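# Chains, contacts and geometry: an overview
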Amino acid sequence: MSFHPVEQATARLNRSELAVPGSQPQMFEKAAESDADVIFLDLEDAVAPDEKEQARKNVIKGLNEVDWGNKSMSVRINGLDTHYMYRDVVDVVEQAGERLDLIMIPKVGTAADVYAVDMMVTQIEDAKGYEKRIGFEHIIETALGMQNVTEISAASKRNESLHFGVADYAASTRARTTIIGGVNKDYSVLTDPDADGNRATHWGDMWHYALARMVVAARANGLRPIDGPFGDFKDPDGYKAAAYRAAVLGCEGKWAIHPSQIALANEVMSPSEEEITKAGRILEAMAEAEAAGKGAVSLDGRLIDYASIRQAEVLVEKAKQIAGG
Ligand code: GLV
Ligand code: MG
């Protein structure tokens, strides 16, 4: 290990993160009864300019009055380039800060953006005498945010997670895409002709680099990487394929922009029984190997070593978190 310790952010189950527009308070009760691990009440892009003020009031009332159980509650504030943002922070934290676990900062571009919100939240928490510290979730969804993702990740002790905001990211980078979080057939590889002259087209994942880059920045700073929205909620298979790709790269959760996507995210982001059993067997085999003075052994014909222990431990820890959550 490096001499540089990586401090882990507050542990929180974050397999599914449900987006609920702040302008639709009639949806709050149903969201509270759902199986989402985290809910973010949105003041940003799901809310029209004329509705911003009312949405803020709805969110404050909802946070204080709805029984959200043990869910982690977040509010997506407006961007730092809007005049809504300061009042989002002041009103929501002052009036509902005790039930608020997280603030989601959209379109974060630089470490100074994080610093500015941190300063405001700290003043309000201190003035109100809150004991709990509100955490930050950052949406990496602009070219600037992706360029500065490393500094953003390390910019505040409040940081908990990074989210890949694929819709705005596509707009910012001018990527060619139509469906939020979907892929584009033009991002493909054409194979060389085989003996009969046939060529195959293999679709690629145009989001691979961005997601992988965000995962590295998050993990290097002890944060959770979370995959963002998948717009076609009538396509559960497409959603699951995107969620599996993100999970394979290291993401531990995905947004649900529709209640039907919650179960899909929870399923994909939870280790399977088979994986948990296998992890348990790896830990047992390594404990036996260690007792016999060996650093690596074979299990089911495959080499396992100390790196396998660390992977297995992560999995067992996640299973425990889910069982207790
Ligand atoms: C989320 O905010 C996105 O832009 O994808
Ligand atoms: Mg966005």
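Residues numbered from 1 in each chain as written. Chains lettered and ligands numbered in written order. Predicted model: local features only at pLDDT ≥ 70, side-chain atom pairs only at ≥ 80, totals over all residues. Heavy atoms only, no water.

The name that an unreviewed UniProt entry assigns to the protein chain is Beta-methylmalyl-CoA/L-malyl-CoA lyase, with the source organism given as Yoonia sediminilitoris. Under the heading Sequence similarities (unreviewed entry), UniProt records this for the protein chain: "Belongs to the HpcH/HpaI aldolase family." As stated in UniProt under Cofactor (unreviewed entry), the record for the protein chain gives "Mg(2+)". (UniProt positions renumbered as here; feature names shortened; annotations may be inferred.)

## Quick look at the coordination of the magnesium ion (ligand 2)
Around the magnesium ion (ligand 2), the protein contributes the donor atoms Glu141 (OE) and Asp168 (OD), at 2.0 to 2.1 Å from the metal centre. Of this pair, glutamate 141 sits in the loop between β5 (135–140) and α5 (143–147) while aspartate 168 sits in helix α7 (residues 166–173), and the two are 27 residues apart along the sequence. (Donors = N, O, S within 2.8 Å, 3.2 Å for Na, K, Ca; no water. Helix = DSSP H or I, 4+ residues; strand = E, 2+ residues; numbered from the N terminus.)

## Topic: the packing of helix α2 (residues 52–65) against helix α3 (residues 85–96)
Put simply, α2 and α3 touch, their axes get as near as 10 Å, and they point 25° apart. Our classification of the angle between α2 and α3 gives roughly parallel. The two elements α2 and α3 meet at a crossing, and its hand is right-handed. Side by side, α2 and α3 meet where Arg56, Ile60, Leu63 and Asn64 of the first sit next to Arg87, Asp88, Asp91, Val92, Gln95 and Ala96 of the second. A per-class count over the contact of α2 with α3 returns four nonpolar, two polar and four charged. (Axes fitted to C-alpha atoms, helices over the stretch in contact; angles between N-to-C directions. Parallel < 35°, antiparallel > 145°, perpendicular 65-115°, else oblique. Left-handed = near helix turned anticlockwise from the far one by under 90°. Contact = heavy atoms within 4.5 Å. Nonpolar A, V, L, I, M, F, W, Y, C, P; charged D, E, K, R; others polar.)

## Quick look at the sheet that holds strand β4 (residues 102–105)
Around the barrel, which closes on itself, the eight strands sit in the order β1-β2-β3-β4-β5-β6-β9-β10 with parallel pairing between neighbours. For this sheet the average axis-to-axis angle between neighbouring strands, irrespective of direction, equals 25°. In terms of strand pairing, strand β2 (residues 38–42) meets strand β3 (residues 72–76) through five bridges, oriented parallel. Paired with phenylalanine 40 across the two strands is serine 74, which belongs to β3. Running over the sheet, helix α9 (residues 236–249) touches β9 (224–227) and β10 (253–256) and is turned about 150° from β10. (Pairing = 2+ DSSP bridges.)

## Here's the deal with α2
Here α2 spans 20 Å end to end across 14 residues, near enough to the 20 Å set by a 1.5 Å rise per residue. Among the residues making up α2, those that are buried are Lys52, Ala55, Arg56, Asn58, Val59, Ile60, Gly62 and Leu63. At its buried positions, α2 is contacted by α1 (28–33), β2, β3 and α3. (Expected span 1.5 Å × (residues − 1). Buried < 20%, exposed > 50% of the residue type's maximum accessible area, 1.4 Å probe, protein only.)

## Quick look at the UniProt feature "binding site: Mg(2+)" (unreviewed entry) in the protein chain
When the UniProt feature table is mapped onto this chain numbering, "binding site: Mg(2+)" (unreviewed entry) sits at Glu141 and Asp168. Annotated residues spanning 28 residues; largest pairwise C-alpha distance 5.3 Å, indicating a single compact cluster. In contact with glutamate 141, not counting residues within four places along its chain, are Pro106, Lys107, Gly165, Asp168, Tyr169 and Ser172. The residues contacting aspartate 168, other than those within four sequence positions of it, are Asp45, Lys107 and Glu141.

## Observations regarding the nonpolar core
Ranked by size, the top nonpolar core spans 59 residues in total, and within it Leu41, Leu63 and Trp68 carry the most contacts. Leave out the neighbours within four places in its chain, and tryptophan 68 touches Phe28, Ala31, Ala32, Ile39, Leu41, Gly62, Leu63, Met73 and Arg99. Membership of the second largest hydrophobic core comes to ten residues, among which are Ala279, Ala289, Val297 and Ile309. (Core = buried A, V, L, I, M, F, W, Y, C linked by side-chain atoms within 4.5 Å.)

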